[in-house]
Amino acid sequence: MGMKIGTAAFKERVDQGLSDSFMRGAVSAAQGRLRDGRLNAAEELGNWEDWRSHGEEIRKHTLEHLDYYLEMLVDNVSKRGGHVFFAQTAEEANEYITNVVKKKGAKKIVKSKSMVTEEISMNEALEKIGCDVVESDLGEWILQVDDHDPPSHIVAPALHKNKEQIRDVFRDKLGYKNSEKPEELALFAREQLREEFLAAEVGITGCNFAIADSGTVTLVTNEGNARMATTLPKTQITVMGMERIVPSWEEMEVLVSLLTRAAVGQKLTSYITALTGPKGEGDVDGPEEFHLVVVDNGRSKILGTEFQEALHCIRCAACINVCPVYRHVGGHSYGSIYPGPIGAVLSPLLGGYDDYKELPYASTLCAACTEACPVKIPLHELLIKHRQKIVEKEGKAPVFESLSMKAFRMGTASPTMYNIGSKLAPKMMKPFVKEDKIANGPGPLKNWTSIRDFPAPSNERFRDWFKNREKEESKS
Amino acid sequence: MKVSLFVTCLIDMFQSDVGRDTVELLEHLGCEVDFPEGQTCCGQPAYNSGYLKESMESMKHMINVFQDSEYVVTPSGSCGTMFHEYPNIFAGDAEWEPKAIELANKTYELTQFIVEVLKVEDVGASLPARATYHTSCHMTRLLGVKEAPLTLLKNVKGLEFTELPDKHNCCGFGGTFSVKMSQISEHMVDEKVRHVESTKADILVGADAGCLMNIGGRISRTGKPIEVMHIATVLNSRK
């Protein structure tokens, strides 16, 4: 699938999202739950702002010394008998992974949730060599069963579906006969997945945090599927974005505390799985062979730029859960597996402006994202930086817009021009005013008045009123 | 106390009565209000659209206009926030950064100024009506002014106050967003209007002309019987 979802143009995708009332109902209900959960969990922890600042410091420090910590991680994974591969591109990562799988002669692969493997289209690469790749995260599995419906949220990939729709998918694709009760749906999924775990020869996981000074990968789940995927198959491959690293267990504890609260409002998820290299002597379970694939795929290009903070993201989706735009258009409208505010920042960086130039504008800059981010990424500011880039460096802004901004500069940098403009504007608008409002605006006002009225300009500008008043006062 | 009014371009041109209410209110509270005539726009429309160079010229102009002011007070959370962003925008500029910091430090949103500087919580206003309040995003999240408008509104005689459900969600204005992405904006503002309706309020109060133009414009288009009022007008009511 890759990072890009579908080929439809942005406007078409948004139209589709806005007209999907099931999805919008499911998304707004989930947003309410997740937002309340995060706020309650933050309050219960206390000193949330201090925790956020601490999280921010950790991410900043780690990214500033990324090469140092990556080297430390490689050393420690190797010492424990694991193999590490640095993939500069998606192709390199897939080539390495398919080679490992081929060497093992494996056909059945079980996966726990991972965004980076979506980003690099790993499933497709493995399917091409004849493997059966089974998603074991419940949300991901639902989407896989539903003919590879793309994820619409980075933590809850099937957020756009309600329970009735999930029941229908199971019924149509797998012959499910029970109700839409979540317990019954989950039980059915568990029975189906248990077989897959037992049969899988290779387990592939993502990585929430790799711990540099111990060579450990940690996985945060509620379903326990990552633990199954890392203990049952004989070979384990963990795929991580190159920024998904912490110096030591101490920092990992801080970030996990922030992650689970920000993502789902939990103090701790049901499972935090930590795995250090392959099974050691005397260990009862764990993989016999362990591979860590560190994926760059455009990340190192972000390092050292004004967008470096985008790499601080710990993929909690708190920004998505509060975004009022996401609320109405849903995840698929973003055309990227990374939706919402972080997606609007990250997708153009990883996938380029040609495919994602609209995303930085799909925001009111309300800053709900920035306020929610547990590691204080200034998301709305990064969206403005994208806009600056699109205007200045990419030259991709509409001509009309750059002309009006030139006019803006002339009209606001000099009081004389402002005076002329603000006196002239009401006169020009006058023909369009009816009953003290403009219902059918000309030019740039057209898009405004297509859905709402525009106020008629005041009969007397404030500044004229003020001046006249001063004159009168000085007379009396 | 001497106060310079930064009226904002929207109020200057489209809602001059809000500007008058602001002046009268401040004078009622004992302030001496002046209006530096050279003022234009804070630069936000260009800045938020990515036109940094264009916006910086208006910012420099505004810094100069308010150079001698003791306090700068504005009836807009969003435009006030913009003044507070200037130091970040001019960070590292030896000439303009200190000036930007000086301006930011003396700039207050109207209700913030009344509560924090004048230390007044009851302005003596009265308005018999049922009202709800729209918390504008920049004012609450970026400027951090959350309580001041509510404190003042709760002390308006006769005003029956109901909290707006989902008040944290943006109304869909977002400056140029409202015209660039009008299809999305429409759904956002519709949800906001539904929430306003659910409070059964006669008046929707807000502290930002932009949001009020958006929500008010939609209310007017859909013919709902709800009046939209700037908080300066409410606080200057003596009915």
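Going by an unreviewed UniProt entry, chain B carries the name Lactate utilization protein A and comes from Evansella caseinilytica. Its UniProt record gives chain B the following Function (unreviewed entry) comment, quoted word for word: "Is involved in L-lactate degradation and allows cells to grow with lactate as the sole carbon source."

By the naming in an unreviewed UniProt entry, chain A goes by Lactate utilization protein B and is assigned to Evansella caseinilytica. What UniProt states about chain A under its Sequence similarities (unreviewed entry) heading is, verbatim, "Belongs to the LutB/YkgF family." On record in UniProt, under Function (unreviewed entry), the comment for chain A is "Is involved in L-lactate degradation and allows cells to grow with lactate as the sole carbon source. Has probably a role as an electron transporter during oxidation of L-lactate."

Details of the packing of helix α3 (residues 48-64) of chain A against helix α12 (residues 249-264) of chain A
Residue and element names in this part refer to chain A. For the pair α3 and α12, interaxial distance at closest approach is 10 Å and the crossing angle is 125°. By the angle between their directions, the pair α3 and α12 is classed as oblique. Crossing geometry of α3 relative to α12 is assigned as left-handed. Where α3 approaches α12, its residues Trp-48, Trp-51, Arg-52, His-54, Gly-55, Ile-58 and Arg-59 are matched on the opposing element by Glu-251, Val-254, Leu-255, Ser-257, Leu-258, Arg-261 and Ala-262. Of the residues assigned to the contact of α3 with α12, the class counts are seven nonpolar, three polar and four charged.

Remarks on unusual backbone geometry
With a phi close to 60°, Leu365(A) is a non-glycine residue in the positive phi region. Considering the arrangement of structural elements, one finds Leu365(A) in the loop between α17 (353-356) and α18 (368-372).

Focus: the domain arrangement of chain A
Here chain A is partitioned into domain 1 (10-301) and domain 2 (399-475). Its C-alpha centre places domain 1 of chain A at a distance of 53 Å from the equivalent point of domain 2 of chain A.

Let's talk about the UniProt feature "binding site: [4Fe-4S] cluster 2" (unreviewed entry) in chain A
Residues and elements named next belong to chain A. Per the UniProt record, "binding site: [4Fe-4S] cluster 2" (unreviewed entry) is found at Cys-323, Cys-366 and Cys-369. Look at the named residues: they lie 47 residues apart in sequence, but the longest C-alpha span between them is just 8.7 Å, so in the fold they bunch up. Tracing the sequence through the fold places Cys-323 in the loop between α14 (318-322) and α15 (324-329). The residues contacting Cys-323, other than those within four sequence positions of it, are Gln-31, Tyr-334 and Pro-341. Within the fold, Cys-369 resides in helix α18. The class for Cys-369 is buried, based on a relative accessible area of 8%. Cys-369 has contacts with Cys-319, Val-322, Pro-341, Leu-379 and His-380, leaving out every residue within four places of it along the chain.

Digging into helix α10 (residues 182-199) of chain A
Side chains that are three or four residues apart share a direction in an α-helix, a result of its 3.6 residues per turn. Residues and elements named next belong to chain A. Between the first and last C-alpha of α10 there are 26 Å, a value that for 18 residues agrees with the 26 Å anticipated at 1.5 Å per step. Of all the residues in α10, the buried ones are Leu-185, Phe-188, Ala-189, Leu-193 and Phe-197. Where α10 is buried, its residues touch β2 (108-111), β3 (132-135), α8 (138-145), α9 (163-174) and α11 (225-231).

Describing the sheet that holds strand β9 (residues 271-276) of chain A
Residues and elements named next belong to chain A. With mixed pairing, four strands are arranged side by side in an open sheet as β8-β5-β6-β9. One side of each edge strand has no neighbouring strand; the edge strands of this open sheet are β8 (245-246) and β9. Packing of α12 onto the sheet brings it into contact with β5 (209-211), β6 (216-221), β8 and β9, and relative to β5 it is tilted by some 170°.

Quick notes on the domain arrangement of chain B
All names here are of chain B. For chain B, the assigned domains read domain 1 (2-116) and domain 2 (122-235). The centre of domain 1, based on its C-alpha atoms, is set 22 Å off from the matching centre of domain 2. Counting residues at the interface gives 26 residues for domain 1 and 20 residues for domain 2. Ranking the residues of domain 1 by area buried against domain 2 places Leu-10, Thr-81 and Thr-111 at the top, with a combined share of 23%. Where domain 1 meets domain 2, there are zero salt bridges. Applying the counting criterion to the domain 1 and domain 2 interface returns 10 residue pairs in polar contact (both at pLDDT 80 or more). When residues of the side of domain 1 that touches domain 2 are traced back to their parent elements, those giving at least two are α1 (9-14), α2 (16-28), α3 (44-48), α5 (77-89) and α7 (110-117). Among the elements that line the side of domain 1 that touches domain 2, the one with the most residues is α5, at six residues.

Quick notes on the rules
All residue numbers here refer to positions counted from 1 along the written sequence of the relevant chain. Numbering of ligands from 1 and lettering of chains from A proceed in the order in which they are written. Given that the model is predicted, a residue must reach a pLDDT of at least 70 before its local features are reported, and side-chain atom pairs must reach 80 or more before they are shown or counted; all residues, however, enter totals for whole chains, interfaces and linings. Only hydrogens and water are set aside; all other atoms, that is, all heavy atoms of the structure, feed into the side-chain values. UniProt positions are given in the numbering used here, feature names are shortened, and annotations may be inferred rather than shown by experiment. Note on definitions: angles span 0 to 180 degrees between N-to-C directions of axes, and those axes are lines fitted to C-alpha atoms, for helices only across the stretch in contact. Under the DSSP-based scheme used, a helix requires at least four consecutive residues in state H or I and a strand at least two consecutive residues in state E, with every element numbered from the N terminus. Roughly parallel here means an angle under 35 degrees, roughly antiparallel means over 145, roughly perpendicular means 65 to 115, and every remaining angle is called oblique. Handedness of a crossing is defined here by the sense of rotation of the near helix relative to the far one, left-handed for an anticlockwise turn of less than a right angle and right-handed for a clockwise turn. Note on definitions: a residue-residue contact is assigned when non-hydrogen atoms from the two residues lie within 4.5 Å. Three residue categories are used. Nonpolar comprises Ala, Val, Leu, Ile, Met, Phe, Trp, Tyr, Cys and Pro, charged comprises Asp, Glu, Lys and Arg, and polar comprises the others, including Gly. For each domain, the first and last residues come from an automatic or database assignment. To sort residues, take the accessible area from a 1.4 Å probe on protein chains only and compare it with the maximum for the residue type: under 20% means buried, over 50% means exposed, and anything in between is partly exposed. To estimate the expected span of a helix, count its residues, drop one, and scale the result by 1.5 Å. At least two bridges found by DSSP between two strands is the condition for calling them paired. Two parts placed together each lose some accessible area under a 1.4 Å probe, and the buried area is that loss summed for both. What counts as a salt bridge is simple: a side-chain nitrogen of Lys or Arg found within 4 Å of a carboxyl oxygen of Asp or Glu. As used in this structure description, the phrase polar contact means that two N or O atoms lie within 3.5 Å; if the pair is within protein, one of them must be able to donate a hydrogen and the other to accept it, and residues adjacent in sequence are counted only when both atoms belong to side chains.

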